[in-house]
Amino acid sequence: MFKEKKDPGQIFINEVNGEEPAEEKRKSSFWSKALIPLLAILTGLIIGALLIAVTNQTVWAAFGESFGTGISQAVKEIFTAYGALITGSLGDPSRIVQALGSGDATAIRRAFNPILESLVQATPYIFAGLAVAVGFRSGLFNIGVEGQLFIGAAAATYVGYSITGLPAYIHMPLAFLAGAAGGAFWAFIPGFLKAKTGGHEVINTIMMNWIAFRFTEWLLSGPMTRPGSGGLPLSPIIQDPAKIPQFFPSPIRFHAGFFIALIAAWLVWWLLFKTTWGLNLRTVGTNPRAARYAGLNTSKSIMIGMTLSGALAGMAGAVQILAVNHSMALGLSSGYGFDSIALALIGNNHPAGVILSSLLFGTLRNGATRMMVVSAIPIDIVDVIQAIILMFVAAPAIIRTIYRLRKPKHEEQQVFLSGWGGQS
Amino acid sequence: MAPILELKGITKRFPGVLANDHIDLTLNKGEILALLGENGAGKSTLMNILYGLYKPDEGEILINGEKVVINSPIDAIEQGVGMVHQHFMLIPVFTVTENVMLGNESIKGPGFLDRDKAAQRITEISDRFNLQVNPNFYVKDIPVGVQQRVEIIKLLYRDAEILIFDEPTAVLTPQEADELFKIMRLLVEQGKSIIFITHKLREVLEISDRIMVIRRGAMVGETTPQEADKSSLAAMMVGREVELEVEKSVSKPGEVVCSIEDLVVVDKRDEICLQGVSLDVHAGEIVGVAGVQGNGQTELVYAITGLLRNTSGMVTILGQDTTRFSPRQITELGTAHIPEDRQQDGLVLPFTVAENLVLCTYYQEPFSKGVLLQYPVIMRNAEKLIEDFDIRTPSAMTSVGTLSGGNQQKVIIARELSRPIKFLVASQPTRGLDVGSIEYIHNQIVKKRDEGAGVLLVSPELDEIMELSDRIAVMYRGQILAIVPNQGISKEYIGLLMAGVVPEGPVPIGESTVVEATF
Amino acid sequence: MTTSTNTIEHKVIHDVSPTRKLAIGISEVLIALLIFVVFALNVSGELTTRFVMTPGGINQGTMPDIVMPSQLTLFSLAGIVLAIGIFQLVKGFGKQTNLMVGIAGLFLMLAFLVWQAAGTSVNLAGMLSSAVLLAVPITLGAFSGILAERCGIVNISIEGMMLMASMTATIAGSLSKNIWVGLLGGIASSVLLALILGVLSIKFKVNQTISGTVINIFSAGMTGFISQKFLQMIPHLNQPTMFPRVPLPLLADIPLIGPILFNQNIFVYLMFIILIVLQVALFQTRWGLRFRSVGEHPKAADTLGIDVIKTRYIGVILSGVVAGIGGAFFTLGSVGRFDEGMTAGKGFIGLAAMIFGNWMPLGSLGAGLLFGFADSIGSKLSLLRSVIPPQFMAMAPYLITMIVLAGFIGKGQAPAAEGEPYEKE
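1. Considerations on the overall build of chain C
Link 1 in the chain: Summing up its helical and strand segments, chain C has 15 helices and six strands in all.
Link 2 in the chain: In terms of C-alpha radius of gyration, chain C reaches 23 Å, essentially the compact-globule figure of 22 Å for 425 residues.
Link 3 in the chain: A total of 425 residues make up chain C; the buried ones form 58% of that total.
Link 4 in the chain: Long-range contacts, defined as pairs at least 24 residues apart, comprise 78% of the intrachain contacts of chain C with a sequence gap of at least 6.

2. Quick notes on the interface of chain A and chain C
Link 1 in the chain: The interface of chain A with chain C comprises 49 residues on the first partner and 48 residues on the second.
Link 2 in the chain: It is helix H10 (residues 201–221) of chain A that contributes the most residues to the side of chain A that touches chain C, eleven residues altogether.
Link 3 in the chain: Counted by class, the side of chain A that touches chain C contains 29 nonpolar, 16 polar and four charged residues.

3. Quick look at the pairing of strand S22 (residues 454–458) of chain B
Residues and elements named next belong to chain B.
Link 1 in the chain: S22 sits mainly inside the fold: five of its five residues count as buried.
Link 2 in the chain: What you see with S22 is no split at all: Gly 454, Leu 456 and Val 458 on one side and Val 455 and Leu 457 on the other are buried throughout.
Link 3 in the chain: Alignment of strand S15 (residues 286–290) against S22, held across four bridges, turns out to be parallel. What sits directly across from Val 289, in S22, is Val 458.

4. Some words on the domain arrangement of chain C
Residue and element names in this part refer to chain C.
Link 1 in the chain: Each assigned domain of chain C is listed with its residue range as follows: domain 1 (18–122) and domain 2 (130–384).
Link 2 in the chain: The C-alpha centroid of domain 2 is placed 30 Å from the C-alpha centroid of domain 1.
Link 3 in the chain: Counting from both sides, the interface comprises 18 residues of domain 1 and, opposite them, 19 residues of domain 2.
Link 4 in the chain: If one sorts the elements of the side of domain 1 that touches domain 2 by residue count, helix H3 (residues 97–116) sits on top with eight residues.
Link 5 in the chain: Along the lines of polarity and charge, the residues of the side of domain 1 that touches domain 2 split into ten nonpolar, eight polar and no charged.

5. Here we look at the nonpolar core
Link 1 in the chain: Membership of the largest hydrophobic core comes to 426 residues, with the highest contact counts inside it found for Phe 127 and Leu 322 of chain A.
Link 2 in the chain: Among residues more than four places away in sequence, those in contact with Phe 127 of chain A are Ala 261, Ala 264, Leu 312, Ala 313, Met 315, Ala 316 and Val 319 of chain A.

6. Digging into the packing of helix H11 (residues 257–274) of chain A against helix H16 (residues 351–375) of chain A
Two measures define how a pair of helices packs: the angle their axes make with one another and the distance between the axes.
Residue and element names in this part refer to chain A.
Link 1 in the chain: Contact pair H11 / H16: the axes reach a minimum separation of 9 Å and the direction vectors enclose 150°. Taken together, the axes of H11 and H16 lie roughly antiparallel to each other. Residues Leu 262, Ala 265, Val 268 and Trp 269 of H11 touch H16, and the partners they reach there are Pro 351, Val 354 and Ile 355.
Link 2 in the chain: In the contact of H11 with H16, the residues fall into seven nonpolar, no polar and no charged.

7. Observations regarding the sheet that holds strand S1 (residues 5–14) of chain B
All names here are of chain B.
Link 1 in the chain: On the basis of which strands lie adjacent, the open sheet formed by four strands has the order S2-S1-S4-S5 and antiparallel pairing. Whereas interior strands pair on both sides, the edge strands pair on one side only; in this sheet they are strand S2 (17–27) and strand S5 (66–68). With direction set aside, neighbouring strand axes in the sheet form an average angle of 30°.
Link 2 in the chain: This element, helix H1 (residues 43–50), spans S1, S2 and strand S4 (58–63) of the sheet and lies at about 115° to S1.

Calculation rules
Residues numbered from 1 in each chain as written. Chains lettered and ligands numbered in written order. Predicted model: local features only at pLDDT ≥ 70, side-chain atom pairs only at ≥ 80, totals over all residues. Helix = DSSP H or I, 4+ residues; strand = E, 2+ residues; numbered from the N terminus. Rg over C-alpha atoms; globule rule 2.2 N^0.38 Å. Buried ≥ 20, exposed ≤ 12 C-beta atoms within 10 Å, placed from the backbone. Contact = placed C-beta atoms within 7 Å. Nonpolar A, V, L, I, M, F, W, Y, C, P; charged D, E, K, R; others polar. Pairing = 2+ DSSP bridges. Domains from an automatic or database assignment. Core = buried A, V, L, I, M, F, W, Y, C linked by C-beta atoms within 7 Å. Axes fitted to C-alpha atoms, helices over the stretch in contact; angles between N-to-C directions. Parallel < 35°, antiparallel > 145°, perpendicular 65-115°, else oblique.

Dropping the structure here:
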């Protein structure tokens, strides 16, 4: 009659949110919590190294000569590639020492540029990772960050170039908030559908991604196109007052957006864990039935959670436009949508964890650019590594088997999600 | 002749629990053996071992005097052991034939189903044991009592000789239970042997040939219905003399705290589940709602507490029309609600005890100021309630999911009863709990009544209703068939009502006044 | 004491709940109004629409063109849809509800065509023929979904499996110069991913949405990696031969039907073969009964000796096989080369087709064809010099998917144990 199918997805959501027994929570140190993610990252990098070796033609040739040559060539290739990854993302130590020794300010800045560029790469990641984390905490799986980011970017771009004559302290926040609003609106739609019709947010957010791509394509080649671009999907350049300031002269792109991201992370943490709103969202996210029974408005919470998540995704788009790109093109995002899921899960859906995992993947992606130049390894390898890390984080049992770790007392292996739901 | 089944020294340990402690059991051919014990005493574990779902740590199983190894339900079926599970193992969207033949299909050609052949066999079995099952119906379309008979056919279809019935009457009306007992008798007359698991004393005395009592994983006694009576069985089962009745004074009903008028509710699948229910609950009285599970009780509770919108009719609580109120508004009026499914509805298991204790009130002063949660206040509140309600937990920061069922229920009781309430809705407040917790919770409810709160108690356990209530309302298929004062009303009378039969003539007060404890 | 049995009318079991019945009826009436107001009233009375009934370049099963008065046709289409809507509101179509919604949707698209082509001509048969081809990946995606979900595994990684298969099929086909090796290669890679999904979801009991997402990310990354590392450097790795059109003898000569259904490439025929096999296997065989029981009530199946774990692995692998065929279609049956991200959400749309088709093979085919028709109208729109930007037409399949998800999931149609790992006690 009225027996609702229990939602085992909750148990999973709880696990990924780290809502584990509180006693354990207090006792466990940072390291015991970070052990699985760290080992997952390590294993992911090792598999990435294997992939580099296996797909390298010189390695094949070397194996053709003899096994030993093959191995040594493979190791050499891996070291070259990962070496480039590290110097490309953190800087070349010798160059840093040299620059510091010379005392030339420009040289020092240039030497530190790789690490600053990694922070630039990490900035949209922090926003996007927070977006997915807020979704998970509210019991929602937002795969639509990519689309929300596009719409947010488009909104920020529009406000950025179309309005003139505003002072920077109004124009910049206005454009940024327009981005947040755009993303929020785009996420509200699947949130509303989930709350009111039970339409599954996973498929709906993916569909919204595709619609967002087509829509921005139309915007950029139609109403928002740059005059004289000859029909290319490209927007005009935003006004100077709308730009988020960069700290150093070009080509160093490090900008104030990074600190806005840190503030956003702190705000999300405060909201989730210190306020009644946050408790509300987390209760609905953890056990919607108990939430309903305790008098919480679950549909409202679902819509708010989704909208908030979308707003953060929109900020990711806005910060890229306002601080880095200064105009919008279709190639805006290199898969932030899927990346952000990995970021949130590896960061245990905690804002602090999201910052750490964003720094890691910002660094990886930045370094991968140099790795592509040096070793001709496509940047997509980061996606592959990311998928593998995500798999290990989602199935910690694999990591425990590989490294022969003992199973923690309270860890539940039941991670699952129910079907398409529908109008329950 | 060797007994058809012998269990020798069966032992099963779970982490921290000795579920079965060297249990010996014999079952003779053609008898009904009752296995009696409290919830959690180890009956189900023992039967799951016999059915191959668990592996025993020690001990052996003999069938017809021969040692057998049962590692899976398949082995059990091959040895002629079959089980009617408490939660039916039926697939609603399959027909009776498909359900029965599953795993043992009649086929024609290379693997094509021969439904007609199987249906014919089912009809034969049904006729032989007078089960009256139509093989072509979908299981979702047939009543619960018939579904249970489908389960029995599944066993007979596989030529089971030993039939295990796990709490088979839990979902039945007293009349359906009587029907089942007739079928069980017919089965043993035709040479089958039955193990009947239950915690209901009346049924044990009524149907069994022999009784074995299990307590805390150990076999504590064997008797027959002729030698035993209810109180001796109860004492054996619980390990001490138990009060079969809660001490309670005569109620002094005050004004109406909750009034339901002509309530019609359509559930989310648009099926009518309440049709014109009217009921008043007065201050200082307990109104019990009896009925077989699934006759609209859940929806009634949901409609009163604002979890389900009604289609027509009106609910008034403490003088206010709450028909369109949200659950929070209703709670704020002074209503408390103990939900029927504590883990799904009542608690957020991963959250701490402290957080769960303010689940309904966290947004109010003093637990929060503005939007800021005041964790020190929440903690102090938790520590006080843990003390007052004797919640056994390592700390207020322990997550509720790690506590035992009884203590989880105490968290809910503490949260709901610590507030100044005028109206309590308690839905199956003792489901699945041990005798100690049941006594405690019953006393708390009666105490709340004596303090002047009106109580609506919903339970499918007729005994619990008859023990606590001042008035009894019987629900059947979304209607209240009768509301009677609980003074010497007979159980048979309520049972008939639960089956949807309205006895004509005056309410028979003072016939038999059997009230037994609810375990 | 006498007793009388109290007869109380109780719940009616609905195939479609009254709320849905109402909502769907209203939508159908709105569609009728849309056809009437936007299309019919915007066409002048004397214009005619010419439907060419033989696809271009085909000389079997030819059929004369159909010329119809545009406005009158639109009026009648609106009338029929209105009648469907009113009947739905008043009485309801029961189990046929989704079918009638599909017909209303089909008429809406037809009306759109009549309107767009008023005063000119459009090759309807060509559009239908390409609709069948465009329906292939969606329908195969839906079949893949059915195979996984009917045994209780939610597979959202069909998209990733298809993408991987489309690339592997290209490489295998180009390297071996054998198109069948290409197809098998595509299937093999998809099955490999399916196995990973199975191990994660069944053995490690990972949330099935997450394990699906892992595979989607992995596929996107891996295909991008290999495409950039090899395919773009070595073009002959990305030049497979394609499966040609094979007109079926006799059948291809049937007017209209022949060119649309029976003068296609092997993938279309495979789609129909899988449809029949799946429909019979699931509902008429011992294997199917056991398979479905695992998706509905794994514990019951287990107590009757059915190996739940094994059955689920089989289901996931078969799901991978079908998704692999669907993936190979992109490169070997449609485009002739691999492009990054070329599946463009077809795997997800396939899931929507499965839901719209009530987890039934035949229903999924119908839904897939509908999606395919919408797609083919979108891609042919530029030929009609429409005022609607092509990007908006390209959104249609995604929008329809969302509408389907919002409106057509009734409780109790999906396999009951879907998404829940089986925990043996």
